[in-house]
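Chains, contacts and geometry: an overview
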Amino acid sequence: GEPEPGIFAFLVRSMILLVPIFDITSAYPIFARVLASSIHGSLGKSSDLEPPFLLCGFCAVLPLVGAAIVFDVAETLGWAGVLLMPLIFMVPQLMMLKGEAICIERLGADAVHSSLYW
């Protein structure tokens, strides 16, 4: 090796450091906008309307505030696991029960339970 890195090594090292930063930075406004649109739509608002500017700002600032407060990634991932557990293990079963109730209401219990897909 050389005692000091050459220009090519400096450029490669800079690209390795800067490409992920630019990638995340360019996608961040899209993520905030999609989150705001999803929240706006789930509140029963019309999905063809744009979400309010304040909601978009809240969705953009909240992760930044969280990153400023929590420095330990393991703690964040631990809470994510605890909060996602009901979503993974409970919501699909509740959706299945709701789907069964809707099918029974529309088709009748005999047709639903005699189906090959049940």
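Structure report, in brief. Model, not experiment: these values are computed from the prediction.

Our next topic: the overall build of the protein. Within the protein one finds five helices and zero strands. For the protein, the α and β elements follow one another from N to C terminus as α-α-α-α-α. The C-alpha atoms of the protein give a radius of gyration of 24 Å, which is well past the 13 Å a tight globule of 118 residues would have. Overall, the C-alpha framework of the protein stretches about 80 × 40 × 25 Å when taken along its three principal axes. Within the protein, the fraction of its 118 residues that count as buried is 9%.

Let's shift gears to the packing of helix α1 (residues 7–42) against helix α2 (residues 53–69). The geometry of α1 relative to α2 is characterised by a closest axis approach of 8 Å and an angle of 125° between their N-to-C directions. Overall, the two elements α1 and α2 adopt an arrangement that is oblique. As α1 runs across α2, the sense of the crossing is right-handed. Within the contact between the two elements, α1 uses Tyr28, Ala32, Arg33, Leu35, Ala36, Ile39 and His40 and α2 uses Leu55, Cys56, Cys59, Ala60, Val61, Pro63 and Leu64.

Take the state of the cysteines next. Applying the stated criterion across every chain, the model contains zero disulfides. Not engaged in a disulfide, the cysteine Cys56 finds its nearest cysteine sulfur in Cys59; these two sulfurs lie 6.8 Å apart. A relative accessible area of 5% means that Cys59 is categorised as buried.

Conventions adopted
Residues numbered from 1 in each chain as written. Predicted model: local features only at pLDDT ≥ 70, side-chain atom pairs only at ≥ 80, totals over all residues. Heavy atoms only, no water. Helix = DSSP H or I, 4+ residues; strand = E, 2+ residues; numbered from the N terminus. Rg over C-alpha atoms; globule rule 2.2 N^0.38 Å. Buried < 20%, exposed > 50% of the residue type's maximum accessible area, 1.4 Å probe, protein only. Axes fitted to C-alpha atoms, helices over the stretch in contact; angles between N-to-C directions. Parallel < 35°, antiparallel > 145°, perpendicular 65-115°, else oblique. Left-handed = near helix turned anticlockwise from the far one by under 90°. Contact = heavy atoms within 4.5 Å. Disulfide = S-S within 2.5 Å.

Purely geometric numbers; function is a separate question.
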